[in-house]
Structure formats: C-alpha cells, structure tokens
Amino acid sequence: MAENKMGFETRSIHAGAAPDPATGARSTPIYQTTSFVFDDADHAASLFNLQRPGFIYSRLANPTVAVLEERLASLENGIGATATSSGHAAQIVALFPLMSPGMEVVVANKLYGGSINQMRHSYKKFGWNANFVDPVKPENFSKAITDKTRAIFLENLANPGGIVVDLEAVAKIAKRAGVPLIVDNTMATPYLCRPLDWGADIVVHSTTKFISGNGSSIGGAVIDSGKFDWLKYKSKYPSLASPAPEYHGLTFAETFGPLGYTVYGHAVGLRDLGPCQSPMNAWITLQGVETLALRMERHCSNSLRVAQWLEKHPAVAWVSYAGLASSPFNKLMKKYMPKGGGAVFTFGVKGGYAAGVKVVEAVELFSHLANIGDTRSLIIHPASTTHRQLTPEQLVAAGAGPDVIRLSIGIESVEDIIGDLDQALRKAAGATKAKSKSKAK
Ligand SMILES: *Cc1c(COP(=O)(O)O)cnc(C)c1O
C-alpha cells in the first residue's frame, strides 16, 4: 500500500521513517553529528554539485531532521519540506527564494504578534515590504497586489478573534495574480486543516506549538505543494527560474522540477541564512507528531467545552472561539476545519484590566506564560504582558483590550480546567467588587 494513501494517523507515525539501515533501530536515531564522511573525491563533488542527494553538513541536511521533513510534508499533502530552527526562521526561509530588495509581500494583519513585528520592521532591512490587509474580506488581498508582489501570507486560524480566513477565495486571488499563497498553519495543524488541499502553495509552521506539542522544543518548517509553476513567471522568480552561478548555472525549478523550491530552501536558504533545526529538536518533535491526531482531538473537545462554559459564566463578558455557534467565523470553520476550532481563543472578563490581572494571578492549574499549543493549559493577559507597550487605542485595535484574556487549552481533564478557571474568575469578580465598594466609601 502506497504510504501517501494511508490515513493521517498512520502517516503521523510512519511517514519518512524506516528501521535504521545501519543498526536496525526502530525509533529514528538522533544523528547528532555536524558532518558526514565522503566515499571519495567524486562522491564529494557530486554532493556539492547537487548531482546526487546525500548528507554533507548538518546546516544543510541531517538524517534525523530529514525524517521530520518527510513526515510533515506527508501530513500536509505536500511534496517536500525544509525544517528550520523556529517558526520565525520558517517565515524567512519561505520568503527568501521569492523576494529581493524592493519587492512586496501582501500580509494578513491578523497574525501572531511576533510575525507582525518581523514583517513590519525587520523585513525592511532586506529591502522587503510587507503590505498589511484585513484578511476577513478576501478581496482586500486582490486590491493590495501590485507588480512588485511576490507572495501572499496569512494565518488560516488567527488569534485574537478566532478568525478563519476563506482560504479557497484567497487561493484563487493568488492564482490569478501569479503569486504563491503562503499559509501559517500553526494554530490549525494539518490534523484540522490542510491549506494545500484548498489551493495554497506553501505552508509554514512553528512546530514549537501543537506539532511538537509538549512545550519543550523551538522549531519550524516550510512545506511546499510542488504545484506553483516558477518557470511560467521566470522574471518574477529569478532565484528559482534562472541559472544559479554558485551551482554551475543549474536552474532549481528545471533541474529539480516540483522539488526546486524545497531544494533551494536547503541548498541556499539554510546554507546562507543558517537557521537549521538541530537533530535533537527534530527527534523530540517527531515524538510529538506521532500523537498529533489524538492530542488535537482532545485539545478541540476540551476547548469547545470550556468556551461553552465561559459563555454562560456571570463574570465573562464575551467569548471569541471559532468553534462556538455564536462566532461569526463558525461557518468558515465548519468548512475548513470540520474536526474542531483549535485550542487557542480569547474571552473578555468583566471588570477590565484589574480583573484580567487578577484572573492570571489566581489560576493554579493554568500556567501564566507566553506560549500556546502545550499539553498544559496556558493563560495570558495580553494588555499587561505581550502588548503592554501599546496605547489603549492600539490595544483595542490589536484585539488585546484591557479585558482580554487568551487561553491555550491543554489536554488535562476538562473538569479540572473548568474548575481552575471558575475559582480564578470568582476571585477576580470578588476582588473587583470589593475595590469598587471601597472606592464608593
Ligand atoms: C509561535 C508562532 C510563530 C513563531 O514561531 P516560533 O517558533 O516562536 O519562532 C509564528 N506563527 C504562529 C501562528 C505562532 O503561533
């Protein structure tokens, strides 16, 4: 049976891995080595010329990391992947083959905060421009495209707000404009949504989150569908569609066909930018990937239960979770991620800033920290932490108003998660009531 015909759960465990040819080890070994011995000078030359696949130096490729790359490519229904040291590195490695000074990427303005910073400020140092648009209306992408646009970038499930983007509509816009659509699928994971199946060209991940799943290892990945025709838009994508002088004039999209983008990611992206994933982190991430389906199922069912419970809580003003019938994005969620709305969402606590601070200080099971996608339940009050440099108006515009609390629901017993939030919300409500009373006196 062809591996690519097997089910998602089977591929989560087996894709890319075989018993180790040297030892028979069943679990993928950690090839903790910087470099690999050549058979002879001809072998070395053919590896350096990219005439045969193989391992030279772990900044370019490593056998443990290669298993993770094949596994993720399989789960996303792509044809190749480049693992990177972090999710942010994946974003740079994804755009590097496409961009050059003066060129633009049209970007959804509802993104992970760190991505907005990276794209708004640091991209300028490369001469890259990011044009931000509201992704809720797909036509906003089409209006922002110019002859300098080289890609569209968005998160299909974006927080805060539990926004689900109409992927199929944006993919059509990208296709018409002759630019690839890059989707950050970190929040949904390939278990809930496979953007390449909806017409996206490239997927990026922060594997730091649900993919590794246990909050222990930073990592990222770029996965290619192999479907974008770089040669058709030769003048726009010279890195892929014109001869590369440092590789004796080979043209990546010609020599490697649909794998050209992924080979470039290793042979130029990782080689020159340097953000390779370590074999140890790749191995830890592989342990996580094996249970991705089981964990996501529980993450989603716990999240729906918690969101429904919060919606009825007297101390809660609003809940924004795409999995709730009350969410304006519920319809799109049912189309693009019918198995669940993910595990990260926000709610508003009555009593504003003071109550928000009190809730994060009163939780006992939840961890108060700036991560998501852990087995553990996590909580943060953006206005007093990640977004504290913003003005009150900017806070509201960013969806991080004074009352907003963000949750990443773990896979603990749901009764315990709800119990902890309940006692924290009660404490916060008591505290804010007592305060307003003492003020009244
Ligand atoms: C965390 C995150 C990133 C950045 O990934 P790192 O691994 O922290 O570099 C990018 N996008 C999304 C949606 C994220 O949650």
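All figures in this text were calculated on a predicted structure; none of them were measured in a lab.

## Points about the domain arrangement of the chain
Okay, step 1: Once the domains are mapped, the chain shows domain 1 (3-288) and domain 2 (292-440).
Okay, step 2: In this complex, domain 1 contributes 33 residues to the contact, which on the side of domain 2 involves 32 residues.
Okay, step 3: For the pair domain 1 and domain 2, the summed buried area comes to about 2,800 Å², and 66% of that belongs to carbon and sulfur atoms.
Okay, step 4: Taken as a group, Tyr191, Leu192 and Phe210 account for 27% of the area that domain 1 buries against domain 2, more than any other trio of residues on that side.
Okay, step 5: Run the count over domain 1 and domain 2 and you get one salt bridge.

## A short note on the environment of Phe210
Okay, step 1: Turning to its location among the elements, Phe210 is positioned in the loop between β8 (202-206) and β9 (220-224).
Okay, step 2: C-alpha separation for the pair Phe210 and His299, spaced 89 residues apart in sequence, amounts to 9.4 Å.
Okay, step 3: If sequence neighbours within four positions are ignored, Phe210 has contacts with Thr186, Met187, Thr189, Leu292, Arg295, Met296, His299, Ala343, Val344 and Gly373.

## A closer look at the pattern of salt bridges
Close approach of charged atoms allows side chains with opposite charge to pair.
Okay, step 1: Using the criterion set out here, one finds seven salt bridges in the structure.
Okay, step 2: Its salt-bridge partner being Asp272, residue Arg271 comes within 2.6 Å of it at the nearest N-O pair.
Okay, step 3: Asp272 gets classed as partly exposed once you look at its relative accessible area, which sits at 46%.
Okay, step 4: Note that Arg376 and Asp374 form a salt bridge whose closest N and O atoms lie 2.7 Å from each other.
Okay, step 5: Relative accessible area serves as the criterion here: at 42%, Arg376 is assigned to the partly exposed category.
Okay, step 6: Residues joined by salt bridges that share partners form a network here, namely Glu246, Arg271 and Asp272.

## Focus: the site of the ligand
Okay, step 1: The full set close to the ligand counts 14 residues, and Gly87, Asp184, Ser206, Thr208 and Lys209 are the nearest of them.
Okay, step 2: Here an oxygen atom of the ligand sits 2.9 Å away from a polar atom, N or O, in the main chain of His88.
Okay, step 3: Contact between the ligand and Asp184: a nitrogen atom at 2.7 Å from a side-chain N or O atom of the residue.
Okay, step 4: Bound to the protein, the ligand loses 93% of the 380 Å² it would expose on its own.
Okay, step 5: Taken together, the residues of the shell around the ligand break down into two nonpolar, nine polar and three charged.

## Here we look at unusual backbone geometry
Okay, step 1: Of note in the backbone geometry, Asn77 takes a positive phi value of approximately 60° without being a glycine.
Okay, step 2: Locating Asn77 in the fold gives a position in the loop between α3 (63-75) and β1 (80-84).
Okay, step 3: Classification of Asn77 as partly exposed rests on a relative accessible area of 34%.

About the criteria used
Residues numbered from 1 in each chain as written. Predicted model: local features only at pLDDT ≥ 70, side-chain atom pairs only at ≥ 80, totals over all residues. Heavy atoms only, no water. Domains from an automatic or database assignment. Contact = heavy atoms within 4.5 Å. Buried area = accessible area lost by both parts, 1.4 Å probe. Salt bridge = Lys/Arg side-chain N within 4 Å of Asp/Glu carboxyl O. Helix = DSSP H or I, 4+ residues; strand = E, 2+ residues; numbered from the N terminus. Buried < 20%, exposed > 50% of the residue type's maximum accessible area, 1.4 Å probe, protein only. Near = heavy atom within 4 Å. Polar contact = N/O pair within 3.5 Å; in protein donor to acceptor, adjacent residues only side chain to side chain. Areas by Shrake-Rupley, 256 points an atom, 1.4 Å probe, with all protein chains shown as cover. Nonpolar A, V, L, I, M, F, W, Y, C, P; charged D, E, K, R; others polar.

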